[in-house]
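What follows is the residue order along each chain.
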Amino acid sequence: VLSLKKAHLGIAMQSGSAATRGVADMILLEDSFAALPPAFLEGQRIVNGMQDILRLFLTRAVMVALLIISIAMVDLGFPYVPKHVSLLTLLTVGIPTFALAIWARPAQTGKRLLTSVLHFVIPATISIFVFAVVLYLFYFVTSYNRTLGLVVTPEDIASFEQTAGINYPILTQDAYALEVAGTIARTALTTFTVLTGLLLVIFVEPPIEFFVGGDELSGDRRPTIMAAGLLAAFVLIVLITPLRNFFELVPLRLSDYGIIGAAVIAWMFIVRAAWRGRWIERLLNVNTI
């Protein structure tokens, strides 16, 4: 009976019957349960690491998909070029998820994986999407109107084609204005989504109580330090002309960076309030606890 019970639990002693060992998930080679606590802790560590990785991956993937669909519907260009997506993926998902998987620690949250992930992903995705669409449309429209009012020379067009990496001729001022507007809007959008993506890295492992909302307080400051380092790398890309040109970004005015920074701060407080107030759960009348 004891052997059958152990087999039902997925655990068998090495001294048990062959049938019991055959159906068990874990064989205790030295007939000792001392191996179970470390295995249990490792399982918790893996689950916690999966939660953080899923939160970042799903938020970025769904947000980018919504942006592409929405911008295509209003016919105002494409929100990202491949190099922008590569930069966004590297800084906000690629490097962070690798590090978070290594740094994951065992902890019992008492929440189901799916509901815990959705509690984080849905408010983050919707809020970033709304802010990103507004910023993109704002910069596209204002840049287009401003460029149409300028006196543009062939030298200006040639310089812009080289800076933006355009390999086809721009023949009219209207076409030039559209290209300039799209490039500026994409740069502003990429800047905003990179900054919010780095903040999400902090929110998935809150080092202090201020960032608690999407997840419980972890006290681990390593993800925050990593996010700060990735932010410094992005600033260098923006400041160093060859790197900026490689990623097809254009320099923005200081006032533009101020607007984007203000939008990031406003988003941060709104998404934190949405997590803490469980706005989505209340709207859908579901419980994720």
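Just so it is clear, the model here is predicted, and its values are computed rather than measured. (Residues numbered from 1 in each chain as written. Predicted model: local features only at pLDDT ≥ 70, side-chain atom pairs only at ≥ 80, totals over all residues. Heavy atoms only, no water.)

Q: I'd like to hear about helix 8 (residues 222–239), residue by residue, with values.
A: Its 18 residues give helix 8 an end-to-end C-alpha distance of 26 Å, which sits within 8% of 26 Å, the value for a rise of 1.5 Å per residue. Summarising the contacts, the buried residues of helix 8 are in contact with helix 4 (82–103), helix 7 (173–204), helix 9 (241–246) and helix 10 (254–277). (Helix = DSSP H or I, 4+ residues; strand = E, 2+ residues; numbered from the N terminus. Expected span 1.5 Å × (residues − 1). Contact = heavy atoms within 4.5 Å.)

Q: Account for the environment of Leu56, naming residues and giving values.
A: Summarising the element assignment, Leu56 is placed in helix 3 (residues 36–74). Taking the relative accessible area as the measure of exposure, Leu56 reaches 3% and is therefore buried. C-alpha separation for the pair Leu56 and Gly94, spaced 38 residues apart in sequence, amounts to 9.6 Å. In this structure, Leu56 is in contact with Thr92, Val93, Pro96, Thr97, Leu100, Leu200, Val201 and Val204, ignoring residues within four places of it in sequence. (Buried < 20%, exposed > 50% of the residue type's maximum accessible area, 1.4 Å probe, protein only.)

Q: Talk me through the packing of helix 5 (residues 113–148) against helix 7; I want residue IDs and the actual numbers.
A: Contact geometry for helix 5 and helix 7: axes closest at 8 Å, N-to-C directions at 155°. Comparing the axis directions of helix 5 and helix 7 gives the class roughly antiparallel. Crossing of helix 5 against helix 7: the hand is right-handed. When its residues are assigned to classes, the contact of helix 5 with helix 7 shows 24 nonpolar, 5 polar and 3 charged. (Axes fitted to C-alpha atoms, helices over the stretch in contact; angles between N-to-C directions. Parallel < 35°, antiparallel > 145°, perpendicular 65-115°, else oblique. Left-handed = near helix turned anticlockwise from the far one by under 90°. Nonpolar A, V, L, I, M, F, W, Y, C, P; charged D, E, K, R; others polar.)

Q: Explain unusual backbone geometry to me, and be specific about the residues and the numbers.
A: The residue Glu248 is not glycine, and still its phi comes out positive at about 60°. Take Glu248: it is sitting in the loop between helix 9 and helix 10. Taking the relative accessible area as the measure of exposure, Glu248 reaches 23% and is therefore partly exposed. Even without glycine at this site, Arg278 takes up a positive phi of about 50°. Turning to its location among the elements, Arg278 is positioned in the loop between helix 10 and helix 11 (279–284). The class for Arg278 is partly exposed, based on a relative accessible area of 22%.

Q: Describe the pattern of salt bridges, listing the residues and the values that go with them.
A: Throughout the structure, instances matching the rule amount to 4 salt bridges. Between Arg253 and Asp256 there is a salt bridge, and its shortest N-O distance comes to 3.2 Å. Linked by salt bridges that have partners in common, Asp52, Arg55 and Asp215 make up one network. (Salt bridge = Lys/Arg side-chain N within 4 Å of Asp/Glu carboxyl O.)

Q: Please give an account of the nonpolar core that cites residues and values.
A: Residues Phe192, Leu199, Leu200, Phe203 and Trp267 are the most contacted members of the largest nonpolar core, which totals 61 residues. When residues of this core are assigned to their parent elements, the largest contribution, 17 residues, is made by helix 7. Among residues more than four places away in sequence, those in contact with Leu199 are Phe211, Val264, Trp267 and Met268. (Core = buried A, V, L, I, M, F, W, Y, C linked by side-chain atoms within 4.5 Å.)

Q: How would you summarise the packing of helix 4 against helix 7 if you had to cite specific residues and measurements?
A: Contact pair helix 4 / helix 7: the axes reach a minimum separation of 9 Å and the direction vectors enclose 10°. For the element pair helix 4 / helix 7, the angle class is roughly parallel. Residue-level contacts link His84, Leu87, Leu88, Leu91, Thr92, Pro96 and Leu100 of helix 4 to Arg186, Thr190, Thr193, Val194, Gly197, Leu198, Val201 and Val204 of helix 7. Residues of the contact of helix 4 with helix 7, tallied by class, amount to 9 nonpolar, 5 polar and 1 charged.

Q: A description of the confidence of the model for the chain should follow, citing residues and the corresponding values.
A: Where the model shows low pLDDT, its predicted coordinates should not be examined in detail. Per-residue confidence for the chain gives a mean pLDDT of 81, with 75% of residues at or over 70. In this model, residues 1–9 is a region of pLDDT below 50 whose contacts with residues beyond four sequence positions or in other chains number 6 contacts. (pLDDT = per-residue confidence, 0-100.)

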